[in-house]
Amino acid sequence: MREATHQARIGRIGLYVLLIWTCLFFSIPLLVVIATSLKTSDEVRTFSIVSLPMTPGFAAWAKAWYSACTGLNCGGVHVGFWNSVRILLPSVIISVLVGSVTGYALSHWRVRGANIIMLFLLLGAFIPYQVILYPLVKMFSTIGIYSSLPCIIAVHVLFGLPVMSLLFRNFYAGLPEELVKAARIDGAGFWRIFAWVMLPMSVNILIVATILQTTGIWNDYLLGLIFAGRDNMPMTVQLNAISTTSTGVIEYNVNTAAALLTALPPLLIYFFSGRYFVRGITAGAVKG
Amino acid sequence: MSAVSVRGLSKAFGVLRVLRDIDLPVEAGEFTVLLGPSGCGKSTLLNAIAGLEDIDGGTIEIGGVDVTQREPSKRGIAMVFQSYALYPTMSVRGNLSFGLRVKSTPKREVEKRIAWAARLLQIDELLDRKPSQLSGGQRQRVAIGRALVQQAKVFLFDEPLSNLDAKLRTEMRVELKRLHKELGATIIYVTHDQIEAMTLATRIAVMRAGRIEQYAAPDNLYEAPATLFVAGFVGSPAMNFMPGRLVAGTVDIGAMSVPLNLYQFRSIPNSGQNVILGIRPEHVTLAVADDQRPAIDASTLFMEPMGADTLGWFQCGAHRIAARLPPQVARGISGNVRLAFAMDQVSLFDPVSEARL
């Protein structure tokens, strides 16, 4: 008995040592980036990449935010930040709302050809979007909104809808259909049942959907580059431009600071709502 | 309170015909129970009457008005579901008032009706709770209350007591009977529980495979089942069945000859016809010395004491026969016995058409 507990304790210690080492190993890149962003340019050049900053400061962060240059523009990443926000908010709101209505209709109303719609949604969710980039560009330029804010928002909504619809469909399919029947007998119609009965029950799934869409859209690079147009480039595109600018000395501290600023919103979301995020992934993965 | 009349109703899911030409007249103030095994179409029929299920043919009239094409909310009905289907995010008050708010009923009227329903169902203290804070029985009351405040002409119940435990179910049964008496409402009620059907109904429609086998008052249904299926389905334990042959006013079953001078034939049978004789366990007793009744030799299998009476199981040739016996009598029984049949209580069925003779 005693022997057993002793061995169990040794096992525990081994486990923790392993976990801590793994943690350290995987956080090295992030730690290096943070450390570098807090250094001065001289320090970056003189010392090793893994050394800690001697006089940590946020000068590089300020420069990245206000005055880092992309080509001839020296406005810093805050320009891209606000562009990203302007793309993000309408894209997320529209795709989540439309997705929830679609999911509700598909799960609780007899829609003609619902199975075929589901098939297309699945296709839409699993076909890599790079495949249809070219036709999309042609489409948008034909209707004349290519390279604009509405264009990039439409693209994000379009690419978000399949997954959003499936996510909500699966959630609503889990709710008893008698709820809808009861509301119909009470005299409520399609929209009233959605707004008064279904939406109030959907708080969790709305959070999950918002997180999925927010991180996805914020981290997007390719779609922003292609569809947003020069004036609406999202933060990710600008970050890339800053770090690949090859005039003069490469300011690694400014680049890392810009990278961290760009990654901050999704990071914060992961930290504060990781629990919902995991739930969302499993909801999509298991039932999708 | 108003009558419901279903005529020629049919419904198919693909090739599966779940309702075949159903006729169901329900008089105003009647408590009609749709009884049948799962998959017989009883819930589909109820949903069709409610307007929640599209139908392929036939008409539905409520209160003399053809409502076949109307929306559920325009039919003058209220419905209670098996899963209660309370709106989980609304309080009890919100649940009760939802339908009235949808119809823009004046506030004072809404409050009046809620107060009335809450008092009737004794849920006054629960009005501000959420459904998740209620017990099963309380939820059921709220679900009934939600139907009551509609002041509908017809109430539809879809297995409302199935999710309750046995004790609560008995209580709610009494409650429902009281409500029906007090409101004088027309009720159509779906269940697979024959006790519920027998105790509540003024008329029972026994359904099987999309058809109504018999539609009659509970006593009538129990004492003179119209088909072999109804005879076997209603009554617990089930009626005993034995095949025999009709010979000149008697039924021959093995060595036993059963006289039929008390039996009311629906039509004149052919002599020599094969029949199935059915007799309920309570009409089988132990034969006494020089018994005048027809009797048959049997060997005792086992006893099932049920409190008020004991169910004795006997083997009689190839058949197993159940008899409902007084416990004192049952305790002394073992080995070979002679069972006597109450001849005025038998039922005869045609083995081919399964109809009562």
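Definitions and cut-offs
Residues numbered from 1 in each chain as written. Chains lettered and ligands numbered in written order. Predicted model: local features only at pLDDT ≥ 70, side-chain atom pairs only at ≥ 80, totals over all residues. Helix = DSSP H or I, 4+ residues; strand = E, 2+ residues; numbered from the N terminus. Buried ≥ 20, exposed ≤ 12 C-beta atoms within 10 Å, placed from the backbone. Contact = placed C-beta atoms within 7 Å. Rg over C-alpha atoms; globule rule 2.2 N^0.38 Å. Core = buried A, V, L, I, M, F, W, Y, C linked by C-beta atoms within 7 Å. Pairing = 2+ DSSP bridges. Domains from an automatic or database assignment. Nonpolar A, V, L, I, M, F, W, Y, C, P; charged D, E, K, R; others polar. Arc of directions from axis to C-beta. pLDDT = per-residue confidence, 0-100. Axes fitted to C-alpha atoms, helices over the stretch in contact; angles between N-to-C directions. Parallel < 35°, antiparallel > 145°, perpendicular 65-115°, else oblique. Left-handed = near helix turned anticlockwise from the far one by under 90°.

Student: Describe the overall build of chain B, with residues and values.
Tutor: Summing up its helical and strand segments, chain B has nine helices and 20 strands in all. The 357 residues of chain B split such that 40% are buried. Within chain B, contacts between residues at least 6 apart in sequence are counted, and of these 66% link residues at least 24 apart.

Student: Tell me about the overall build of chain A, and name the residues and values.
Tutor: Of the regular secondary structure elements, chain A holds 13 helices and zero strands. Listed by position from the N terminus, the elements making up chain A come as α-α-α-α-α-α-α-α-α-α-α-α-α. Since a compact globule built from 288 residues should have a radius of gyration of about 19 Å, the 24 Å found for chain A marks it as more spread out than a globular shape. When contacts within chain A are restricted to residue pairs at least 6 apart in sequence, those whose partners lie at least 24 apart make up 76%.

Student: Before we move on, can you summarise the nonpolar core with the specific residues and values?
Tutor: Counting 142 residues, the largest nonpolar core has B:Ile49, B:Leu156 and B:Ile188 as its most contacted members. Residue contributions to this core peak at 14 residues, all from helix H7 (residues 149-173) of chain A. Ignoring anything within four residues of it in the chain, the contact list for B:Leu156 reads B:Leu46, B:Ile49, B:Ala50, B:Ile77, B:Met79 and B:Ile188. Counting twelve residues, the second-largest nonpolar core is a separate cluster that includes A:Ala60, A:Ala68, A:Ile242 and A:Ala259.

Student: Could you give an account of the pairing of strand S3 (residues 31-35) of chain B, with specific residues and numbers?
Tutor: Residue and element names in this part refer to chain B. S3 sits mainly inside the fold: five of its five residues count as buried. Residue alternation in S3 divides its side chains into two sets, Phe 31, Val 33 and Leu 35 and Thr 32 and Leu 34, and both sets are buried. Bridge count between S3 and strand S9 (residues 203-208): four bridges; the pairing is parallel. Across the sheet, the residue bridging to Val 33 is Ile 204, located in S9.

Student: Residues and numbers for the domain arrangement of chain A, please.
Tutor: All names here are of chain A. What the domain assignment reports for chain A is domain 1 (2-62) and domain 2 (78-287). Each of domain 1 and domain 2 has a C-alpha centre, and the two are 34 Å apart. Breaking the side of domain 1 that touches domain 2 down by element, the ones donating at least two residues are helix H1 (2-37), helix H2 (41-46) and helix H3 (59-66). The element contributing the most residues to the side of domain 1 that touches domain 2 is H1, with four residues. Residues of the side of domain 1 that touches domain 2, tallied by class, amount to five nonpolar, four polar and one charged.

Student: Describe helix H9 (residues 190-198) of chain A, naming the residues involved and giving the relevant values.
Tutor: Residues and elements named next belong to chain A. Taken together, the buried positions of H9 are occupied by Ile 193, Phe 194, Val 197 and Met 198. Buried positions in H9, seen along its axis, are confined to an arc of 110 degrees and lie on one side of it. Opposite the buried face of H9, by more than 90 degrees, sit the exposed residues Trp 191 and Ala 195. Against the buried residues of H9 lie helix H4 (78-108), H7 and helix H8 (177-185).

Student: Lay out the confidence of the model for chain A with the relevant residues and their values.
Tutor: Overall, the predicted model of chain A reaches an average pLDDT of 87, with 94% of residues at or above 70. Here residues 284-288 of chain A scores under 50 on pLDDT; set against residues more than four positions off or in separate chains, the count is four contacts.

Student: Report on the domain arrangement of chain B, specifying residues and quantitative values.
Tutor: Many descriptions give the size of an interface as the accessible area lost when the pieces come together. All names here are of chain B. When cut into domains, chain B gives domain 1 (4-233) and domain 2 (240-349). Between domain 1 and domain 2, the C-alpha centre-to-centre distance is 39 Å. Each partner contributes to the interface: domain 1 provides four residues, whereas domain 2 provides four residues. Looking at the side of domain 1 that touches domain 2, its residues break down into four nonpolar, no polar and no charged.

Student: So, the sheet that holds S3(B): which residues are in play, and what are the values?
Tutor: Residue and element names in this part refer to chain B. Strand order in the open sheet made by the six strands is S6-S7-S8-S3-S9-S10, with mixed pairing throughout. Strands at the two margins of the open sheet, each flanked by one partner only, are strand S6 (77-80) and strand S10 (211-216). Across the sheet, the mean angle separating the axes of adjacent strands is 15 degrees when strand polarity is ignored. Pairing analysis gives five bridges linking S3 to strand S8 (residues 186-191), with the strands arranged parallel. Counted as the bridge partner of Thr 32 is Ile 188 from S8.

Student: Kindly report on the interface of chain B and chain A, identifying the contributing residues and their values.
Tutor: Between chain B and chain A, the contact holds 17 residues from the first and 14 residues from the second. Of the residues that constitute the side of chain B that touches chain A, the class distribution is twelve nonpolar, four polar and one charged.

Student: So what's going on with the packing of helix H2 (residues 92-102) of chain B against helix H3 (residues 107-121) of chain B? Which residues, and what values?
Tutor: All names here are of chain B. The interhelical angle for the contact between H2 and H3, taken along N-to-C directions, is 135 degrees, at an axis separation of 10 Å. Between H2 and H3, the angle falls in the class oblique. Crossing hand, H2 versus H3: right-handed. Facing H2, whose interface residues are Arg 93, Leu 96, Ser 97, Leu 100 and Arg 101, H3 presents Val 110, Arg 113, Ile 114 and Ala 117. Looking at the contact of H2 with H3, its residues break down into five nonpolar, one polar and three charged.

Student: Can you explain the sheet that holds strand S14 (residues 274-279) of chain B? Please cite residues and give values.
Tutor: Residue and element names in this part refer to chain B. The five strands lie next to each other as S13-S12-S11-S14-S20, forming an open sheet whose pairing is antiparallel. Only two strands of the sheet have a single partner each, and these edge strands are strand S13 (256-259) and strand S20 (347-349). Here the average twist between neighbouring strands, direction ignored, is 40 degrees. Pairing of strand S11 (residues 240-247) with S14 involves six bridges; the strand directions are antiparallel. Its bridge partner lying in S14, Phe 241 is registered against Gly 278.

Student: Which residues make up the confidence of the model for chain B, and what are the values?
Tutor: All names here are of chain B. Of the residues in chain B, 100% reach a pLDDT of 70 or more, and the chain-wide mean stands at 90. Mean pLDDT values for the elements of chain B range from 80 in S13 up to 96 in S3. As scored by the predictor, the complex reaches a pTM of 0.82 and an ipTM of 0.84.

Student: Tell me what's going on with unusual backbone geometry, and back it up with residues and numbers.
Tutor: Most of the time, phi is negative for any residue but glycine, and the peptide bond is trans. Residue and element names in this part refer to chain B. In this chain, Ser 236 is followed by Pro 237 through a cis amide linkage whose omega measures -5 degrees. Of note, Pro 237 is situated in the loop between helix H8 (228-233) and S11. The backbone of Gln 151 shows a phi angle near 45 degrees, a positive value even though the residue is not glycine. Turning to its location among the elements, Gln 151 is positioned in the loop between helix H4 (136-148) and strand S7 (154-158). A positive phi is found at Glu 354, a non-glycine position, where the angle reads about 65 degrees. Mapped onto the fold, Glu 354 is located in the segment after S20.

Student: Please set out the packing of H4(A) against H7(A) residue by residue, giving values where relevant.
Tutor: Two quantities define a packed helix pair, namely the angle between the axes and the distance from one axis to the other. Residues and elements named next belong to chain A. One can describe the packing of H4 onto H7 by two numbers: an axis separation of 6 Å at closest approach and a directional angle of 35 degrees. Where H4 crosses over H7, the handedness of that crossing is right-handed. For the contact of H4 with H7, the class distribution of residues is 18 nonpolar, eleven polar and two charged.

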